[in-house]
Amino acid sequence: MALLVWQDDLNIGIDVIDHQHMRIVEMLNHLHVAQTSLHTLAVAEVIDELVDYTMSHFAFEEELMEEAGYPFCAAHKRVHEIFGKRVAEYRLRFQAGEDITDELRTMLSRWLFNHIRGDDKAYAETVKQHLNQFARDHQQGTWLGRTLKRIFR
């Protein structure tokens, strides 16, 4: 399998999330490079980093959806949980000595790209509206800051 290339249709329009997704793609490419080096320790390190980063990304994404009041947040979270269990199984198989790198990389890349294009794009507008409203509400700073500006103009 060749290195993965980021495609513009994977952008959901929320910079922090797009950058996290790009980072996951980079890690998938690092997994490929580690595998071709035939260093089992390097592969193990990349798998651990990839799984840990992806799980923290999921938590961040879920928090954004929840704060924005995305109506399908619970279902999206469930998709993440099922995926996490699936990846944990791959990790266990690898730790047991099975070479799962190609299979894992293929599954992760297909799942990630489909998930971004479907599930993540579905919540993007709700979260963007929430973030824009939050920015407007806090544009003038804190209550104290606004009050001091008004008094000491």
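Residues numbered from 1 in each chain as written. Predicted model: local features only at pLDDT ≥ 70, side-chain atom pairs only at ≥ 80, totals over all residues. Heavy atoms only, no water.

Regarding the UniProt feature "binding site: Fe cation 2" (unreviewed entry) in the protein
The line we're drawing: UniProt positions are given in the numbering used here, feature names are shortened, and annotations may be inferred rather than shown by experiment. Counting from the N terminus, the helices are the DSSP runs of H or I reaching at least four residues and the strands are the DSSP runs of E reaching at least two. Summary of the burial criterion: residues with accessible area below 20% of their type's maximum are buried, those above 50% are exposed, and those between are partly exposed, where the area comes from a 1.4 Å probe applied to protein chains only. It only takes one pair of heavy atoms within 4.5 Å for two residues to be counted as in contact.
In this numbering, the UniProt entry assigns the feature "binding site: Fe cation 2" (unreviewed entry) to Glu-61, His-76, His-80, His-115 and Asp-120. Taken along the chain, the residues just named run across 60 residues; in space they keep tight, none of their C-alpha pairs more than 12.6 Å apart. Along the chain, His-76 falls in helix H3 (residues 73–95). For His-76, a relative accessible area of 5% translates into the label buried. Following the sequence through the fold, His-80 ends up in helix H3. Beyond its immediate sequence surroundings of up to four residues, His-80 is in contact with Phe-58, Glu-61, Glu-62, Trp-111 and His-115.

Structural notes on helix H2 (residues 40–68)
What counts, and what does not: To estimate how far a helix should reach, multiply one less than its number of residues by 1.5 Å.
Counted at 1.5 Å a residue, the expected span for H2 with its 29 residues is 42 Å, and the 42 Å between its end C-alpha atoms agrees. Positioned one or two residues after H2, Gly-69 has a phi angle of 75 degrees, which is positive.

Observations regarding the pattern of salt bridges
Put simply, the test is: By convention in these notes, a salt bridge is any Lys or Arg side-chain nitrogen within 4 Å of a carboxyl oxygen on Asp or Glu.
Within the structure shown, the criterion is met by 9 salt bridges. We note a salt bridge from Asp-48 to Arg-91, for which the minimum N-O separation is 3.2 Å. Of this pair, Asp-48 sits in helix H2 while Arg-91 sits in helix H3, placing them 43 residues apart in sequence. The class for Asp-48 is partly exposed, based on a relative accessible area of 31%. Judged by its relative accessible area of 23%, Arg-91 is partly exposed. Across the pair Arg-93 and Glu-98 runs a salt bridge, and its minimum N-O distance is 2.6 Å. By relative accessible area, Arg-93 is classed as partly exposed at 26%. One network of salt bridges, in which partners are shared, links Arg-23, Glu-26 and Glu-49.

Quick look at the packing of aromatic side chains
Selection criterion: Pairing of aromatic rings covers Phe, Tyr and Trp, the last counted by its six-membered ring, and requires centre-to-centre distances within 6.5 Å; plane angles under 30 degrees mean stacked, over 60 mean edge-to-face, and any other angle means tilted.
Tallied over the entire structure, the rule returns 5 aromatic pairs. Ring geometry for Tyr-70 and Phe-72: centres 5.8 Å apart, planes at 70 degrees, overall edge-to-face. Take Phe-72: its relative accessible area is 54%, and that puts it in the exposed class. Centre to centre, the rings of Phe-83 and Trp-111 are 3.8 Å apart; their planes meet at 20 degrees, and the pair counts as stacked. A residue pair is termed long-range when its members are at least 10 positions apart, and Phe-83 in helix H3 and Trp-111 in helix H4 (residues 101–137) qualify at 28 residues. Residue classification places Phe-83 among the buried residues on the basis of a relative accessible area of 4%. Given a relative accessible area of 17%, Trp-111 falls into the buried group. Taken together, the ring pairs connect Phe-58, Phe-83 and Trp-111 into an aromatic cluster.

Some words on the environment of Asp-9
The following threshold applies: As used in this structure description, the phrase polar contact means that two N or O atoms lie within 3.5 Å; if the pair is within protein, one of them must be able to donate a hydrogen and the other to accept it, and residues adjacent in sequence are counted only when both atoms belong to side chains.
Structurally, the position occupied by Asp-9 is in the segment before helix H1 (15–36). Considering only alpha carbons, one finds Asp-9 and Arg-117, 108 residues apart in sequence, at a separation of 7.4 Å. Dropping the residues within four chain positions of it, Asp-9 is found in contact with Arg-117 and Lys-121. At a separation of 2.7 Å, a polar atom in the side chain of Asp-9 contacts the side chain of Arg-117.

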